[in-house]
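An overview of the molecular structure
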Amino acid sequence: GRAGLRAGLVGRGIALSRTPAMHEAEARRQGIPGSYRLFDLDDPELAGATLADIVDRAEGAGFCGLNVTYPCKIEVIAHLHALSPEARSVGAVNTVVFDGGRRIGHNTDLTGFARSFSLGLPEARRDHVLLLGAGGAGVAVAHALAQSGALRLSILDTDVARAERLCADIEAAPAPCRAALATEAAQLFAADRPDGIVNATPMGMAKLPGAAIDPGLLSAGQWVADIVYFPLETALLAAARVRGCAVLPGAGMAVFQAVHAFELFTGRPACPDAMRTTFDAF
Ligand code: NAD
């Protein structure tokens, strides 16, 4: 692997991200030099700099790579030479690796959810999974579920066109997973009860209280994963827990996307437990 970590995060509204601390602490723990900086497109000091400028400068300055977040995950693809299979299936990139003049795009949201899911809910029956939310993160989660053995996805989004596009995407992907639009959660639970539910909407965040489905629909034997991690336990997860459902909080995905990005940046394995400890210290 490389002798150190030099990386950063490009996006908007990233000031409170826990990702820099996770990367820098992991580098310190491994005894290698580590720096991870924020490139906030709203920062007046970056005035006028485009995404392309920031990628160019970071590459020129010898960075290992960059993480990319809202609103740049699709736009960045135009500035890359190649995509990993995961980034290709999602159609979005959250990690760019600079590799001797070539820029490779990866998607560690997909691998991060997949790893969190397989470790946190290893026994979960996944014949039929209800996915709530078909936005940026929902697309990565849908592909992760399809690649993790889900046989059938029902996809619900208030933006029906988005849900339809994601269904078509999953149907066209190589994994043997079917996908269909869901519009009425109560009807679905009555007629075709899902084994598990994943929330990839922003509902349940501190600033958006509530849940995308009525938690009263949940019953023991179902599992519920949330990718929202602020708060760590959403109202949906709390209700699921009370009803006897197995639950998977969103922090796991947030940690494992960073674990995989660290490994891609440095070529060295990262310690998920140590990175989790840093994440929890906030
Ligand atoms: P986004 O805005 O791209 O997509 C959200 C989608 O949810 C939209 O398509 C929207 O129409 C839909 N939606 C909103 N309210 C709904 C409702 N009540 N019912 C059905 N659909 C609804 O956002 P995103 O980038 O996909 O992020 C979604 C959430 O996931 C955010 O809270 C974000 O913080 C979280 N997230 C967590 C991780 C992690 O690592 N744990 C990673 C990425 C995003």
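Residues numbered from 1 in each chain as written. Predicted model: local features only at pLDDT ≥ 70, side-chain atom pairs only at ≥ 80, totals over all residues. Heavy atoms only, no water.

**Focus on the environment of V139**
- In this structure, V139 sits in helix α5 (residues 136-147).
- Put simply, V139 and D169 are 30 residues apart on the chain and 8.9 Å apart in space, counted from C-alpha to C-alpha.
- Setting aside its immediate chain neighbours within four residues, V139 contacts V90, A134 and L166. (Helix = DSSP H or I, 4+ residues; strand = E, 2+ residues; numbered from the N terminus. Contact = heavy atoms within 4.5 Å.)

**Some thoughts on the pattern of salt bridges**
- The final tally for this structure, using the stated rule, is twelve salt bridges.
- Linking E26 and R29 is a salt bridge whose minimum nitrogen-to-oxygen distance equals 2.8 Å. With a gap of three residues between them, E26 and R29 both fall in helix α1 (residues 19-30), about one helical turn apart.
- Look at E26 and you get buried, because its relative accessible area is 2%.
- Its salt-bridge partner being D127, residue R125 comes within 2.9 Å of it at the nearest N-O pair.
- The exposure class of D127 is partly exposed, given its relative accessible area of 32%.
- Put simply, D56, E59 and R103 are held in one network by salt bridges that share partners. (Salt bridge = Lys/Arg side-chain N within 4 Å of Asp/Glu carboxyl O. Buried < 20%, exposed > 50% of the residue type's maximum accessible area, 1.4 Å probe, protein only.)

**Quick look at the side chain of T266**
- Following the sequence through the fold, T266 ends up in helix α9 (residues 251-266).
- Engagement of the side chain of T266 in a polar contact is seen with the backbone oxygen of F262, the distance being 2.8 Å.
- Polar side-chain contacts of T266 include one of 3.1 Å to the backbone nitrogen of R268. (Polar contact = N/O pair within 3.5 Å; in protein donor to acceptor, adjacent residues only side chain to side chain.)

**As for the site of the ligand**
- Taken together, the neighbourhood of the ligand is formed by 22 residues, with A137, D157, R162, M205 and I227 sitting nearest.
- In this structure, an oxygen atom belonging to the ligand sits 2.7 Å away from a main-chain N or O atom of A137.
- One of the backbone nitrogen or oxygen atoms of A254 is found 3.3 Å away from an oxygen atom of the ligand.
- Those elements that provide at least two residues to the shell around the ligand are α5 and α9.
- Top contributing element to the shell around the ligand by residue count: α5, with three residues.
- Its residues assigned to classes, the shell around the ligand shows twelve nonpolar, seven polar and three charged. (Near = heavy atom within 4 Å. Nonpolar A, V, L, I, M, F, W, Y, C, P; charged D, E, K, R; others polar.)

**Comments concerning the environment of A78**
- As for its position among the elements, A78 is in the loop between β3 (65-68) and β4 (82-83).
- Sequence separation of A78 and T108 is 30 residues, and the distance between their C-alpha atoms is 18 Å.

**Notes on the environment of F189**
- Of note, F189 is situated in helix α7 (residues 185-191).
- For F189, a relative accessible area of 9% puts it in the buried group.
- It is 44 Å that separates the C-alpha atoms of F189 and F39, two residues lying 150 residues apart in sequence.
- Setting aside anything within four residues of it in sequence, one finds F189 in contact with L130, P194, I197, I213, L217, L218 and Q222.

**A few points about the packing of aromatic side chains**
- Within the structure shown, the criterion is met by four aromatic pairs.
- Plain terms: the ring middles of F39 and F63 are 6.0 Å apart, the flat faces sit at 50° to each other, and that makes the pair tilted. Residue F39 is located in strand β2 (residues 34-40), and its partner F63 is located in the loop between α2 (51-60) and β3; the two are separated by 24 residues in the primary sequence. The pair F39 / F63 is uniform in exposure class, with both members buried.
- Members of the aromatic cluster, each reached through a chain of ring pairs, are F113, F117 and W223.
- The positively charged end of R18 is found above the aromatic ring belonging to F279, 4.3 Å away from the centroid. (Phe/Tyr/Trp six-rings, centres within 6.5 Å; stacked < 30°, edge-to-face > 60°. Lys NZ or Arg CZ within 6 Å of the ring centre and 35° of its normal.)

**Quick look at the domain arrangement of the protein chain**
- When its domains are assigned, the protein chain resolves into domain 1 (5-106 + 253-280) and domain 2 (111-249).
- In this complex, domain 1 contributes 13 residues to the contact, which on the side of domain 2 involves 16 residues.
- Across the interface of domain 1 and domain 2, roughly 1,200 Å² is buried in total on both sides, 68% from carbon and sulfur atoms.
- Among the residues domain 1 hides against domain 2, the three largest losses belong to V90, M253 and F256. Together they make up 49% of the total.
- Linking domain 1 with domain 2 are zero salt bridges.
- Run the count over domain 1 and domain 2 and you get two residue pairs in polar contact (both at pLDDT 80 or more).
- Elements with a minimum of two residues in the side of domain 1 that touches domain 2: α3 (85-90), α9 and α10 (272-280).
- Top contributing element to the side of domain 1 that touches domain 2 by residue count: α9, with seven residues. (Domains from an automatic or database assignment. Buried area = accessible area lost by both parts, 1.4 Å probe.)

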